[in-house]
Amino acid sequence: MKCSNCGQEIKADANFCPKCGSKVEIRKAILPKKDSKLMKVSLAAIFLLLIGFIFIFRTFLSNTKESVLWLEDDYNSISPYSEGLAVVSKGAYYGYIDTSGNLAIPAKYIEAKDFSEGNALVKVKGESGEESRYVYINKSGEIEIEPERNTELGITFGKFSCGMAKVETMFGKVGFMDKTGKILTLNYDRIGTTDFREGVAIVYVDGDSYLMTPDLNGIRDWADDYIWSKRGLVKKFDSSNNLVGLEDVNNNPVADVKYTDIYNFENGLAKVIYMEKYGFIDENGNEVIKPEYDDVVGNFSKGKLVGCKKGDKYAIVNSNGKEITDFQYDEVSGCSEGLAVVKKDDKYGVLDENAKTVVGFNYDYISIFSNGFAIVKKDEHYGILKNPIK
């Protein structure tokens, strides 16, 4: 650095020139002036981006209101809830947990089934030389029904429906038991449905089919033609082509005789098969969902959604026949309570009736929703997921 007065070389930290004594002036670097307008625009852009990010993040959170209670106990398996209790297995035994994750009934049974009409079938291990036996317990875990022949080899018991439970022997004879545990009959070769529905069940004897009421009085001997519907519809067969349609009880045609099969109506819709494709008709025979799908998961019995497959992918379809999603899912586990459990890229998530993701694709397993809850699994750990739209 040089003195501005005499040109003498001076040190950088000198305050005066050693030759002429002049005060050293320190010149500051002149910086370019900032563009205040550009600065304001930049700050505004950053602010808008921040607001947008916050909005998107909050929207995502509002659409995925996941409330999971992770269970501390390590269970081998957990079934969906039935009447507020879920079967759990721990080691070699079974018990029940409630919707708070508490072990409501200890895991001490060899077998355990879902609750129905306030009772559940369990198999109690025999002690001190006693044989293992089937019993029905209540929700407090107390034995409430001791079935007849409950230690017999190969015998099986079903869940209660209209106060009756199916019984089947190892020799193939089938019948019903009441809630006192008394076996009322074992005269049937087969029962077409284990539940009484609309007051009847279908039973088969010597090749003939009957509609049976809970008092075990047969009311019709053409049960193969019967289909559950509010209108009381029956199947109409074309045996020459193995096709089926529908007519009412007065023989008025309802659905054309062109289908390979027609299933029971659920909430006004019945699954049909036409030319190896699946669809749904209403009780007037209208094709609400055209039979153009390779597979269908669900039947509208538990809500307004089903999974429909084309090729190797599923879409979600509502009861109006609208595809509310693209064909992008590898699996549809089930639809209930206004929700569809779907799988994509090896992870499970949940969609609502508007196709919004209400549970993110973060889980290794999600059961169907029942009683307002589903069972989830992540990293080998189970949890209880609350229905996010209730």
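Residues numbered from 1 in each chain as written. Predicted model: local features only at pLDDT ≥ 70, side-chain atom pairs only at ≥ 80, totals over all residues. Heavy atoms only, no water.

1. Describing the pattern of salt bridges
And then number 1: All told, the structure shown has 16 salt bridges when counted by the stated rule.
And then number 2: A salt bridge links Glu146 to Arg133; the shortest N-O distance between them is 3.1 Å. Of the two residues, Glu146 is situated in the loop between strand 8 (143–145) and strand 9 (156–161) and Arg133 in strand 7 (residues 133–137); the sequence distance between them amounts to 13 residues.
And then number 3: Residue Glu380 pairs with Lys377 through a salt bridge whose shortest N-O separation is 3.6 Å.
And then number 4: Connected via shared salt-bridge partners are Lys258, Glu287 and Lys290. (Salt bridge = Lys/Arg side-chain N within 4 Å of Asp/Glu carboxyl O. Helix = DSSP H or I, 4+ residues; strand = E, 2+ residues; numbered from the N terminus.)

2. Quick look at the sheet that holds strand 19 (residues 253–259)
And then number 1: If you trace the three strands from one edge of the open sheet to the other, you get 17-18-19, paired in antiparallel fashion. Either end of the sheet is taken by a strand with one partner, and the two such strands are strand 17 (234–238) and strand 19. Within the sheet, the average angular offset between the axes of one strand and its neighbour, ignoring direction, is 20 degrees. (Pairing = 2+ DSSP bridges. Axes fitted to C-alpha atoms, helices over the stretch in contact; angles between N-to-C directions.)

3. Some words on the confidence of the model for the protein chain
And then number 1: This prediction gives the protein chain a mean pLDDT of 88; 84% of its residues lie at or above 70.
And then number 2: For the stretch residues 28–32, pLDDT sits under 50, and the model shows zero contacts to residues farther than four places along the chain or on other chains.
And then number 3: A low-confidence stretch, residues 54–62 stays under pLDDT 50, and its non-local contacts, those more than four residues away or across chains, total zero contacts. (pLDDT = per-residue confidence, 0-100. Contact = heavy atoms within 4.5 Å.)

4. What about the packing of aromatic side chains?
And then number 1: Scanning all chains against the criterion turns up eleven aromatic pairs.
And then number 2: With a centroid separation of 5.1 Å and 40 degrees between ring planes, the pair formed by Phe176 and Phe196 is classed as tilted. Taken together, the positions of Phe176 in strand 11 (residues 174–177) and Phe196 in the loop between strand 13 (190–191) and strand 14 (201–205) put the pair 20 residues apart, joining distant regions of the chain. Each of the two residues, Phe176 as well as Phe196, counts as buried.
And then number 3: Put simply, the rings of Phe176, Tyr188 and Phe196 touch in pairs and so form one group of aromatic residues.
And then number 4: One residue, Lys179, lies across the ring of Phe160, its end atom 5.1 Å from the ring centre.
And then number 5: Between Lys258 and the ring centre of Tyr274, over which it is positioned, the NZ or CZ distance is 4.9 Å. (Phe/Tyr/Trp six-rings, centres within 6.5 Å; stacked < 30°, edge-to-face > 60°. Buried < 20%, exposed > 50% of the residue type's maximum accessible area, 1.4 Å probe, protein only. Lys NZ or Arg CZ within 6 Å of the ring centre and 35° of its normal.)

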